[in-house]
Amino acid sequence: AQSVAQPEDQVNVAEGNPLTVKCTYSVSGNPYLFWYVQYPNRGLQFLLKYITGDNLVKGSYGFEAEFNKSQTSFHLKKPSALVSDSALYFCAVDNTGNQFYFGTGTSLTVIP
Amino acid sequence: DTGVSQNPRHKITKRGQNVTFRCDPISEHNRLYWYRQTLGQGPEFLTYFQNEAQLEKSRLLSDRFSAERPKGSFSTLEIQRTEQGDSAMYLCASRPTGLQRKTDTQYFGPGTRLTVL
């Protein structure tokens, strides 16, 4: 069975500081991993994905994520947080092409 | 705008009424997905279509729920005899399909927020 865990419901970071949003996964076979961001009353916006290759994936808005197979993790990172990054972040896994399994989300607050 | 669109954006209904939501996917995307998101949770898969064929349904999709995609373009999700527990955001997503279907990104619409009184 596929599953995703986001261990932190809430992450607070000061503007300009680096941020990390954690994600661990459990999947049989090769994992295809995704990060989405959701602003209030909006749908999910795609940030980045890992399929294969380089473990460090770069995505939209300066975000990147590091795939770690041994730790089954796919943490989202950004070197310098902006207030506008405050939103809800979801990690998702898919290895069948049929559906995504989402984590419960992490609320990121960037403090000015 | 060529993204995924959903209508209505908000729906308030009384318990026991039927509601129908519409999703228009990105035009060249063959796969269309429905998810449900409740407060404080991630989206949960309901069903998906490959063109007009409904290929998989979650056990979350009770008999009161039905989804169609009659011409392989837009899709509708109907909930009959709504219950208060149906209150949620209903999200639609579409995905291109090709040789690398497993790696394709799902693109989400803005969602329809349902409130059942």
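Residues numbered from 1 in each chain as written. Chains lettered and ligands numbered in written order. Predicted model: local features only at pLDDT ≥ 70, side-chain atom pairs only at ≥ 80, totals over all residues. Heavy atoms only, no water.

On to the pattern of salt bridges. Opposite charge on two side chains lets them pair, provided their charged atoms get close. Applying the stated criterion to the full structure yields seven salt bridges over all chains. Here Lys78(A) ties to Asp85(A) by a salt bridge, and the two come within 2.8 Å at their closest N and O atoms. Of the two residues, Lys78(A) and Asp85(A), both sit in the buried class. As a salt-bridge pair, Arg95(B) and Asp94(A) come within 2.7 Å of each other at their nearest N and O atoms. Of this pair, Arg95(B) sits in strand β9 (residues 88-95) while Asp94(A) is found in strand β10 (residues 87-94), placing the two residues in two different chains. Take Arg95(B) and Asp94(A): they sit in the same class, and that class is buried. (Salt bridge = Lys/Arg side-chain N within 4 Å of Asp/Glu carboxyl O. Buried < 20%, exposed > 50% of the residue type's maximum accessible area, 1.4 Å probe, protein only. Helix = DSSP H or I, 4+ residues; strand = E, 2+ residues; numbered from the N terminus.)

With that settled, consider unusual backbone geometry. In this structure, Pro8(B) follows Asn7(B) across a cis peptide bond, with omega equal to -10°. Within the fold, Pro8(B) resides in the loop between β1 (5-7) and β2 (10-13). You will see that Thr72(A), though not glycine, has its phi angle at about 45°, which is positive. At Asn51(B), a position not held by glycine, the phi torsion is positive, near 55°. For Asn51(B), the location among the structural elements is in the loop between β5 (44-50) and β6 (53-57). Owing to a relative accessible area of 30%, Asn51(B) belongs among the partly exposed residues under this scheme.

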